[in-house]
Amino acid sequence: MTTRLTIDPLTRIEGHLKIGTSIENQQIVDAQVSGQMFRGLEKILLGRHPFDAARMTQRTCGICHEVHGMASILALEQLYGIEAPVNGKRLRELILGLHLVGDHIFHFYQLCLPDYVDFSHINTYRGDDHRVLAVKNWMSYNNNSFFNQQTAGHYLSNKDQSIELALSYFEAMEIRRETGSGMALLGGKVPFIHALMPGGLTTNVTQGKLRSFYQTLQKTTDFVENRYLPNVKLLAEYFSDHFRFGIADAGLLSYRSFSDDGESLFKSGVYLNGARNNFCRSKISEQIDRSFFLENGQPVAQKDSAYSWIKVPHYDGQPMEVGPFARLFINQDAGFKQLLASYQQAELRSSVMSRLLARAYESQLICRHLLRLLEQVRIDKPTITPADLDKPVTGSGSGFSIAARGALSHEIEAVDGKITRYRLLVPSAWNFGPATAKRRGVVESALIGTRVTGENSSLLAGRIVRSFDPCIACAVH
Ligand code: NFE
């Protein structure tokens, strides 16, 4: 007998996502992942001044504004034929990196952790740790159903560890505030950074600002090394079976990033059909077989074969998984391989648990990179190359960059100073795009084959989907 499990909407994510699955003999045998809304940013930009893209595309998303600002600026710099000075590039990378780490922390604690840890253990705490007592007090005052009720299923069993992780949940909020302040120091404001311009950064960088940024970065690094990474490792030990869950039938894709001081922290590359290859941009296409779009790009609400508002990018005709795991895989990072080997994972395989570990491990890499980068910023050197943005430019540009959720690119075409085409290819469209006539979507294939029992089915499906860190606001842009 086939039963249906539908989660609509899936909560603790950004945007509107519906998950539909068919279950037979306690196994997911079919899955549909659908973006439930149309936004139309690419259309809104048509006819506007190219520079508007740098401001408007930051509004694509409630959580990853900076990454769109950055990709857009790179595309605009190519369009206008300008380049930022090294100092400006370094400052932009500091903002980008701090954003990525803050976003990863937010994903693990605020979005994922309630799937693994029963926070209501705090209610039974009898000790005298004032931090736990403060949370216990707060939970009882607010009778907070979010922390006191959980989906049926199997959670971390150790009560003390659960309480420790719950405390980290609250610490993580404080770190997220810190990362926001750090980005605002260099970017003018957060959200939606003002100082980003084609040609560099307008911020007047002072020694005081750099010192404050350093303090924020140091606090964030401490949190990553002493809380975030150990906390994810703790889950990896307890939920070691999650190295077998959520394995997608797709290639892996990563773009070069953090490369403005010459060396790049992440390489670009593709892993497909068992081989690693160089990335070739002409192999990207957008598929709409199951998307609410016509061939001419027009959205259409009535389309029999369609079930999602996401257009799915393919590489060489194949679905690709993007994200921190893909980046570390393409890098063939030795430390990450060692980390996975410590859980008896002889090969690098993207799964629920390896994706959570990849995010935390990557956060540490990025923090250390930023600490080195910060030392190279010079307050006596220019941060911006002046450019005439009023010239009625005709041409095209593209920006290949990095986002917390994976490879991100923006493409622009303009005629006489007006945008004639704008395309965003965002990580969550790669991961959460629907099937095509030939291939399932990445997350769909990651769900299929999962063994579930009645009581844990929605919890497990949620863990698989959230391990990709969905942002459907971006995906439907
Ligand atoms: Ni809206 Fe985003 C990131 C981008 S999404 S969160 O990271 O681009 O896929």
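Above this text is the structure in question.
What you are looking at is a predicted structure, and each value in this text was computed from that prediction instead of being measured. (Residues numbered from 1 in each chain as written. Predicted model: local features only at pLDDT ≥ 70, side-chain atom pairs only at ≥ 80, totals over all residues. Heavy atoms only, no water.)

## A short note on the overall build of the chain
Let me state the cut-off plainly: What counts as a helix is a DSSP run of H or I of at least four residues, what counts as a strand is a run of E of at least two, and both are numbered from the N terminus. For the exposure calls, accessible area comes from a 1.4 Å probe over protein chains only, and a residue counts as buried if that area is under 20% of its type's maximum, exposed if over 50%, partly exposed in between. Two residues qualify as a contact provided that any one of their heavy atoms is within 4.5 Å of a heavy atom in the partner residue. Only the protein chains shown count as covering a residue, and every accessible area follows the Shrake-Rupley method with a 1.4 Å probe.
Of regular secondary structure, the chain possesses 15 helices and 14 strands. Seen through its principal axes, the chain has C-alpha atoms that stretch 65 × 55 × 45 Å. Looking at the chain as a whole, 58% of its 477 residues qualify as buried. Sequence-distant contacts in the chain: of pairs separated by 6 or more residues, those separated by 24 or more amount to 73%. Within the structure as shown, the chain displays about 19,000 Å² of accessible surface, and the carbon and sulfur contribution to it stands at 47%.

## Quick look at the site of the ligand
Keep this limit in mind: Here, proximity means that at least one heavy atom of the residue falls within 4 Å of the molecule or strand. Pairs of N or O atoms within 3.5 Å make up the polar contacts considered here, provided that, within protein, one atom can donate a hydrogen while the other can accept it, and that residues adjacent in sequence are counted only when both atoms are side-chain atoms. Residue polarity follows a fixed list, in which Ala, Val, Leu, Ile, Met, Phe, Trp, Tyr, Cys and Pro are nonpolar, Asp, Glu, Lys and Arg are charged, and the others, Gly among them, are polar.
The immediate surroundings of the ligand are formed by Cys 61, Cys 64, His 68, Ala 403, Ala 404, Arg 405, Leu 408, Val 426, Pro 427, Ser 428, Cys 471 and Cys 474. A distance of 2.7 Å separates an oxygen atom of the ligand from a polar atom in the backbone of Ser 428. Split into classes, the residues belonging to the shell around the ligand amount to 9 nonpolar, 2 polar and 1 charged.

## Considering the coordination of the nickel atom of the ligand
Here is the rule: A 2.8 Å cut-off from the metal defines N, O and S donors, relaxed to 3.2 Å for Na, K and Ca; water is not in the atom list, so some sites may appear incomplete. In this scheme the shape depends on donor count and angles: four donors with every angle between 85 and 135 degrees give tetrahedral, four or six donors with opposite pairs above 155 degrees and others between 65 and 115 give square planar or octahedral in turn, and any other case is irregular.
Within the protein, the atoms that donate to the nickel atom of the ligand are Cys 61 (SG), Cys 471 (SG) and Cys 474 (SG), at distances of 2.2 to 2.3 Å. Viewed at the metal, the 4 donor atoms of the nickel atom of the ligand are separated by angles of 102 to 116°, and the geometry they form is tetrahedral. If you look at the nickel atom of the ligand and the iron atom of the ligand, they sit 3.0 Å from each other. With Cys 61 in the loop between α2 (52-56) and α3 (65-80) and Cys 471 in the loop between α14 (457-466) and α15 (472-476), the pair connects residues that are 410 residues apart, well separated along the chain. No difference in accessibility class separates Cys 61 from Cys 471, as the two residues are buried.

## Notes on the packing of aromatic side chains
To keep things clear, this is the line we draw: Here is the rule: rings of Phe, Tyr and Trp (six-membered ring for Trp) pair when centre to centre is within 6.5 Å. Planes less than 30 degrees apart are stacked, more than 60 are edge-to-face, and the remainder are tilted. By the criterion adopted, a ring carries a charge over it if an Arg CZ or a Lys NZ lies within 6 Å of its centre and within 35 degrees of its normal.
Taken as a whole and assessed by the stated rule, the structure comprises 24 aromatic pairs. Seen from their ring centres, Tyr 238 and Phe 239 are 4.9 Å apart, and the 75° between their planes marks the pair as edge-to-face. Given the relative accessible area of 30%, Tyr 238 is considered partly exposed. Taken together, Tyr 271, Phe 325, Phe 329, Phe 336 and Tyr 361 form an aromatic cluster joined through their ring pairs. Sitting above the plane of the Phe 106 ring, Arg 176 keeps its charged end 4.5 Å from the centroid. Over the aromatic face of Phe 293 sits the side chain of Lys 311, whose NZ or CZ is 5.0 Å from the ring centroid.

## Details of the coordination of the iron atom of the ligand
Coordination of the iron atom of the ligand by the protein comes from a single atom, Cys 64 (SG), at 2.5 Å. If you trace the backbone, Cys 64 turns up in the loop between α2 and α3.

## Digging into the pattern of salt bridges
Pairing is possible between side chains that carry opposite charge, provided their charged atoms lie close to one another. Applied cut-off: Whenever a carboxyl oxygen of Asp or Glu lies within 4 Å of a side-chain nitrogen of Lys or Arg, that contact is scored as a salt bridge.
Scanning all chains against the criterion turns up 24 salt bridges. In this structure, Arg 12 engages Asp 115 in a salt bridge whose closest nitrogen and oxygen atoms are separated by 3.0 Å. Here Arg 12 is found in the loop between β1 (2-7) and β2 (17-24), whereas its partner Asp 115 is found in the loop between α4 (86-112) and α5 (130-142), with 103 residues between them in sequence. Owing to a relative accessible area of 2%, Asp 115 belongs among the buried residues under this scheme. The salt bridge involving Glu 42 is made with Lys 311; its shortest N-O contact spans 3.0 Å. Linking Glu 42 in helix α1 (residues 41-44) with Lys 311 in the loop between β9 (284-287) and β10 (312-315), this pair joins segments that are 269 residues apart in sequence. Lys 311 matches Glu 42 in its accessibility class, with the two residues each being buried.

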